[in-house]
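One letter stands for each residue in the lines below.
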Amino acid sequence: MTAPQETVSVIPEGRLAYGMQLPTVALSTMVAAPWEHSAGTAELLAAAQAADRAGFFYVAVCDHIVIPRDKAETMSTTWFHPVATLAWVAGQTERVNLLTNVYVPAYRHPLESAKAFATLDALSGGRVILGVGAGHVEGEFEALGLDFANRGPAGAMRRLARKPGEHEPGQC
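Residues take numbers from 1 onward in each chain, read along the sequence in its written order. With the structure being a predicted model, the display of local features is reserved for residues of pLDDT at least 70 and the display and counting of side-chain atom pairs for 80 or more, all residues being used for whole-chain, interface and lining totals. Just so you know, side-chain values use all the structure's heavy atoms and leave hydrogens and water out.

Here the focus is the overall build of the chain. Secondary structure elements are taken from DSSP: a helix is a run of H or I of four residues or more, a strand is a run of E of two residues or more, and numbering for both begins at the N terminus. For the chain, the count of helices and strands is 6 helices and 4 strands. The helix and strand sequence of the chain, counted from the amino end, reads β-α-β-α-α-β-α-β-α-α. For every residue, the accessible area (1.4 Å probe, protein chains only) is compared with the maximum for its type, and the residue is labelled buried under 20%, exposed over 50%, or partly exposed between those bounds. Taken over 172 residues, the chain has a buried fraction of 37%.

In structure tokens:
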């Protein structure tokens, strides 16, 4: 019998929380509204600041580094960098939390990711919520020289267990 798992929540008990994926940062035909294709950073900022004023719990961005050609028509090739985007938003908002929905740790060295998010969290006054996932676009892993089949928790733990400088070519 396994021990019950403790649930961790970032939402204060008894509070209804709501948030939004920020517009214009990912122009996938599956999620972007038509107006986003002609919008820019002014509209992105207006949405983030409106969410901040309205008491939204979070604003969110996704993570893709490179979209393979065979997926570009539906997924688009516009995907803002999550840490850079959230840092920009953090500097122009006051209360709204900054969520990655989701960040793919397998794309980067774990120490670089830890430093980037720790810095963002410190500079934003503790507003970062780091949502992580394994990634789903096999061609993106191939373009980055990474093993798609070894992208989940077991692969991440093996990468973290290695000593600094002890890695396979193309692997974090």
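Picking up after the structure, the text goes on.
As for its placement among the helices and strands, leucine 144 is situated in the loop between helix H5 (138-143) and helix H6 (153-161). Between the alpha carbons of leucine 144 and valine 66 there is a distance of 8.2 Å; along the sequence they are 78 residues apart.

Most of strand S3 (residues 97-103) sits inside the fold, with 5 of its 7 residues counted as buried. As judged from the 4 bridges shared by S3 and strand S4 (residues 128-132), these two strands associate in the parallel manner. Pairing of leucine 99 across the sheet is with isoleucine 129, part of S4. A clockwise course of the path from the first strand over the helix to the second, judged with the strands pointing away from the viewer, identifies a crossover as right-handed. Note that the unit made of S3, helix H4 (residues 110-123) and S4 has a crossover that is right-handed. Two strands make a pair as long as DSSP finds a minimum of two bridges between them.

Attention shifts here to the packing of helix H1 (residues 41-53) against helix H3 (residues 82-90). Contact pair H1 / H3: the axes reach a minimum separation of 10 Å and the direction vectors enclose 60°. Viewed along their axes, H1 and H3 form a crossing whose handedness is right-handed. Along the contact surface, H1 presents Thr41, Leu44, Leu45 and Ala48, while H3 presents Thr85, Trp88 and Val89. Every axis corresponds to a line fitted to the C-alpha atoms, with the helix fit spanning only the stretch in contact, and the corresponding angles, defined between N-to-C directions, vary from 0 to 180 degrees. Crossing handedness is defined as follows: a turn of the near helix away from the far one that is anticlockwise and smaller than a right angle gives a left-handed crossing, while the clockwise case is right-handed. Contacts are assigned to residue pairs with any non-hydrogen atoms lying within 4.5 Å of each other.

As for its position among the elements, serine 76 is in the loop between helix H2 (69-75) and H3. For serine 76, a relative accessible area of 13% puts it in the buried group. Between N or O atoms, a polar contact is any pair within 3.5 Å; within protein, one atom must be a potential hydrogen donor and the other a potential acceptor, and residues adjacent in sequence are included only when both atoms are from side chains. Side-chain polar atoms of serine 76 contact the backbone nitrogen of threonine 78, separated by 2.9 Å.

Pairing of aromatic side chains here covers Phe, Tyr and the six-membered ring of Trp, requires ring centres within 6.5 Å, and sorts the geometry by plane angle: under 30 degrees stacked, over 60 edge-to-face, intermediate tilted. Tallied over the entire structure, the rule returns 4 aromatic pairs. Judged by centre distance (4.7 Å) and plane angle (85°), the ring pair of tyrosine 103 and phenylalanine 117 falls under edge-to-face. With tyrosine 103 in strand S3 and phenylalanine 117 in helix H4, the pair connects residues that are 14 residues apart, well separated along the chain. As far as burial versus exposure is concerned, tyrosine 103 and phenylalanine 117 are alike and both buried. Grouped by ring-pair contacts, the aromatic residues Tyr107, Phe141 and Phe148 constitute a single cluster. Sitting above the plane of the phenylalanine 148 ring, arginine 151 keeps its charged end 3.8 Å from the centroid. A ring is considered to have a charge above it if a Lys NZ or an Arg CZ atom is located within 6 Å of its centre and within 35 degrees of its normal.

Before going further, it helps to examine H1. Its 13 residues place the ends of H1 18 Å apart at the C-alpha level, agreeing with the 18 Å of an ideal helix rising 1.5 Å per residue. Among all positions of H1, only Leu44, Leu45, Ala47, Ala48, Ala51 and Asp52 are buried. The arc that holds the buried residues of H1, viewed along the axis, is 160°, so those residues lie on one side. In H1, those exposed residues whose orientation departs by more than 90 degrees from the buried face are Ala42 and Arg53. Close packing links the buried residues of H1 with strand S1 (19-21), strand S2 (58-61) and H3. Residue count minus one, scaled by 1.5 Å, sets the expected span of a helix. Each C-beta atom gives one direction from the helix axis, and the arc is the one those directions make.

The next subject is H3. The periodicity of an α-helix, 3.6 residues per turn, causes residues three or four places apart in sequence to face the same way. Within H3, burial applies to Pro82, Val83, Thr85, Leu86, Val89 and Ala90. Buried residues in H3, looked at end-on, bunch into an arc of 165°, giving them a common side. Buried residues belonging to H3 abut H1, S2, S3 and H4.

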